[in-house]
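Listed below, chain by chain, are the residues.
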Amino acid sequence: MNAIPHRVDLSVKPEVTAFFDAPTNTISYVVKDPASTACAVVDSVMDIDYAAGRISHQGADAIIAHIRAHGLQLEWLIETHVHADHLSAAPYIQNALGGKIGIGEQITVVQEVFGKVFNEGTEFRRDGSQFDRLFRDGDRYTIGGLQAFAMHTPGHTPACMTHVIGDAAFVGDTLFMPDGGSARADFPGGDARTLYRSIRRVLDLPTETRLFMCHDYGPNGREIRWETTVGEERAHNIHVRDGVTEDEFVAMREARDRTLDMPRLILPSLQVNMRAGALPPAEPNGRVFLKLPVNAL
């Protein structure tokens, strides 16, 4: 795994506002440049009543309201990866506020795999063109005057990226809070050994770097939390703290993954998120359908 591609400037502290989605235990973020009104949204959530087949946008509307109330200018909608447990609201927010939707360039691998799973046919483009920007490892971008860069941290999925913005890093599902451990690695394209190496890369960031999680499940009944530091993870993470070897992690992760059920929203989530948050095209009768492939995962 490559070294950290750029120096982390711990003196630059973006303003981070979190939005917790209880049905999916997802945390979305508005990340503001401290020197301007520019901001980014990381890992937004679109609401779905799966049993009723209804889409809504309460969570996204709260983010939009926050951005408008504070007079912010949205420049980026960042997806840390193709989520399997919630639907992205990026295009809905983009339609309201603008900004560019970005994801890791390995989205094309995910699109190829799940394009086949959902029998999408040749009309579904597998080149990542649904997104405005495909990030490669080490790519830089700006949020106003705030410098940011992307690091490829696969293992949970092939397209996972960690976004380092000032002294803050948004790790997606690569890592959980210290008492939560790490993400599963058994989805198509996932790999426990690769995940270990990606996590150690994240933990090579300066120890004071703030880490922001995409999910938290409140282990042992504690209150929901989403912010920690590299130092805390290195000292206390139950799966991958300093001293845990790669082989030990792989054995633990693979054994644990064999006991896990598929996420409740994996099938609708993948169909939407591989399209940058857009719903599938309408059928000839004008209705939109999400597929339920049988025995495909």
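For the structure, see preceding data.
What you are looking at is a predicted structure, and each value in this text was computed from that prediction instead of being measured.

A. Layout of the sheet that holds strand β8 (residues 133–135). An order of β1-β2-β3-β6-β7-β8 is seen for the six strands of this open sheet, with the pairing classed as mixed. Among the strands making up the open sheet, the edge pair consists of β1 (15–21) and β8. The sheet shows a mean angle of 25° between the axes of neighbouring strands, taken without regard to direction. Here five bridges tie strand β3 (residues 38–42) to strand β6 (residues 73–78), and the two strands are oriented parallel to one another. Bridging across to β6, V41 finds its partner in L77.

B. Focus on the nonpolar core. Formed by 37 residues in total, the largest nonpolar core has its most connected members in V30, V41, I67, L74 and I93. Non-local contacts of V41, meaning those with residues more than four positions away in its chain, are made with Y29, V30, I63, I67, L74, W76, L77, I78 and I93. If you look at the next biggest cluster of nonpolar residues, it comprises 23 residues, including V164, V171, L175 and V244.

C. Spotlight on the pairing of β6. In this structure, β6 lies alongside strand β7 (residues 100–104), joined through three bridges in parallel fashion. Note that in β7 the partner of L77 across the bridge is I101. Each parallel crossover has a hand, and for β6 linked through helix α2 (residues 90–97) to β7 it is right-handed.

Conventions and cut-offs
Residues numbered from 1 in each chain as written. Predicted model: local features only at pLDDT ≥ 70, side-chain atom pairs only at ≥ 80, totals over all residues. Heavy atoms only, no water. Pairing = 2+ DSSP bridges. Helix = DSSP H or I, 4+ residues; strand = E, 2+ residues; numbered from the N terminus. Axes fitted to C-alpha atoms, helices over the stretch in contact; angles between N-to-C directions. Core = buried A, V, L, I, M, F, W, Y, C linked by side-chain atoms within 4.5 Å. Buried < 20%, exposed > 50% of the residue type's maximum accessible area, 1.4 Å probe, protein only. Contact = heavy atoms within 4.5 Å. Right-handed = clockwise from strand over helix to strand, strands pointing away.

Bear in mind that shape data such as this cannot, by itself, settle questions of function.
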